[in-house]
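Architecture at a glance
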Amino acid sequence: MKATIDKNRIIFSILLLGFGAIWIWVTRANPDEVSQTRISAPQEGLLAPDFSLSTLDGKEISLVDYRGSPVLVNLWASWCPPCRKEMPDIQKAYETYTEQGLVILAVNATHEDNLNSVKEFVEKNNLTFPIPLDTTGEVNRLYNLHSLPTTYFINRNGIIEKIIIGGPMRFPAIEKHLNGMLEEGQ
Amino acid sequence: MFPTIQLGPLSIQTPGFVYLAGFWLGSTLSEKWGSQPSSSTKNIYNLVFTSFVAGFLGARLSYIGSTPQWFLKNPQAAVSLNSTLLDPVGGILIALLAGLIFSHKNDMLNRDTLDSLTPLLAVLNLSLGISHLASGKAYGSMTDLPWGIYLWGASRHPTQIFEIFFGFLGLFVTWYMTHRSHPESGEVFASFLITASMGHLITAGFRSETSYLLWGIRIEQLVAYAILAFGLWFFAYVRGNPGSDS
């Protein structure tokens, strides 16, 4: 009786391992196919949705114009305490890595912010990267924003590598997520 | 998708909340489903708590170790509750080490301890699927099949639902094995390993974004396959060597 149970168990184990091996082979991915069928959506591994906005200093920018450079898109508002707290660290990352091609777009949720407060905050903290103004809430909707701040690390191919919801995000964390993206294509 | 839960001005990260709730529920089930005397149950609770605290502290210490200069300039950040300043891999390794040391000191390095911890592992495994559903991560590849769900701009395999299904299956198997009369010591753990690894192996086959090895073989599936093989071997070992090995 025990011998029969042992035999059945061995057969069951072999069948399970055999099925597993076949399944791994059958469901293997085609990396080229995956990269060709990328669509844009605000999720890691997908193309970052494009947007065009005016910046605080009156320039017109589009995300797609920065294809080829690693981009950090930070969605923020001047009334949001963690957003305010992480801005000096984002500025430090900009100063440290701008020569390596890093682009920072700190998209302000202007539709729910006060433009004078935004200007005052930017001047007080000596922020030198572009501040696109989302006056209609278009980017918030496009990026399915749930919480401020939210930061997207976008690689040279326009793919979202990492999303950080909430904050404040400190310099070592920013640096850690940027490192891989800056090395790519160098 | 609900990556955050908004409570007035407070924004709670849903995945983190799900893991914490899972940890609490899993610990409770580990106490309730265990067939051990109350002194052992207390030891299990202490083991889980010690590993959790060591893991959290270890995750921060590991992070500090990777960028010590910045923390020397900003020492207050070392004690902040900022979750972006944690190293998960370092935390898990230190939690495992602390758990091993605690088990060794309290004479708990045995199969009964693994069985007692299995309900916690099963609930955490289920929490993984729920957290993926909440955040929209670990999404499936595109499909035209009728059960595809519209997510991130396309109809996709509902991999997060599959994960949750296998999570419940793992929990059911754990419940069934713990409530059987006279299970062999180690059987509960081995059964869970087999069910959970099989679930991950199947689900990962439908994933869109994973890491690949040669020929497009997914790393996650290979890890699951290795765990499945170990689980089957461990089950056979337990049956061949009944009784606790403490």
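Every residue gets a number counted from 1 within its own chain, in the order that chain's sequence is written. To label them, take the chains in the order written and letter them from A, then take the ligands in the order written and number them from 1. Local features in this predicted model are restricted to residues whose pLDDT is 70 or higher, and side-chain atom pairs enter the listing and the counts only when it is 80 or higher, whereas totals over whole chains, interfaces and linings include all residues. With hydrogens and water set aside, each side-chain value is computed from the structure's full complement of heavy atoms.

Quick notes on the overall build of chain B
Going by this rule: Runs of H or I in DSSP of at least four residues are treated as helices and runs of E of at least two as strands, each being numbered from the N terminus. With a 1.4 Å probe rolled over the protein chains alone, any residue whose accessible area is under 20% of its type maximum counts as buried; one over 50% counts as exposed, and the rest are partly exposed. By the convention used here, residues are in contact when the closest approach between their heavy atoms is within 4.5 Å. Here the accessible surface of atoms and residues is derived via Shrake-Rupley with a 1.4 Å probe, and residues count as covered only by protein chains that are part of the display. In this tally, Asp and Glu contribute negative charge and Lys and Arg positive charge; neither His nor the terminal groups of the chain are included. To locate a charge, take NZ of a lysine, CZ of an arginine, CG of an aspartate or CD of a glutamate.
Secondary structure summary: chain B contains eight helices and four strands in total. Listing the helices and strands of chain B from first to last along the sequence gives β-β-α-α-α-α-α-β-β-α-α-α. The dimensions of chain B, computed from C-alpha atoms along their principal axes, are 55 × 55 × 40 Å. Sorting the 246 residues of chain B into buried and exposed places 47% on the buried side. Nonlocal contacts in chain B, meaning residues at least 24 apart in sequence, comprise 66% of its contacts between residues at least 6 apart. For chain B, the exposed surface amounts to about 12,700 Å²; the carbon and sulfur share of it is 71%. Each charge class in chain B can be summarised by its mean position, and for the 12 positive and 12 negative side chains these summaries are 7 Å apart.

Some details on the side chain of Thr27(A)
Rules: For this analysis, a polar contact is any N or O atom pair within 3.5 Å, provided that within protein one partner can donate a hydrogen and the other can accept it, and provided that sequence-adjacent residues contribute only side-chain to side-chain pairs.
Take Thr27(A): it is sitting in the loop between helix H1 (2–26) and helix H2 (31–36). Owing to a relative accessible area of 10%, Thr27(A) belongs among the buried residues under this scheme. Looking at Thr27(A), its side chain comes within polar contact range of the side chain of Gln221(B), at 3.1 Å. Ignoring anything within four residues of it in the chain, the contact list for Thr27(A) reads Gly205(B), Arg218(B) and Gln221(B).

Thoughts on the environment of Ser147(A)
Among the secondary structure elements, Ser147(A) is positioned in the loop between helix H5 (138–142) and strand E6 (150–154). Overall, the relative accessible area of 6% leaves Ser147(A) in the buried class. Residues Ser147(A) and Trp76(A), 71 residues apart in the sequence, show an inter-C-alpha distance of 9.3 Å. When sequence neighbours within four positions are dropped, the list of residues in contact with Ser147(A) reads Ile165(A), Thr4(B) and Ser11(B).

Observations regarding the environment of Leu102(A)
Tracing the backbone through its elements, the reader meets Leu102(A) in the loop between helix H3 (81–97) and strand E4 (103–108). Distance from Leu102(A) to Leu72(A), taken between C-alpha atoms, is 7.6 Å for residues 30 residues apart in sequence.

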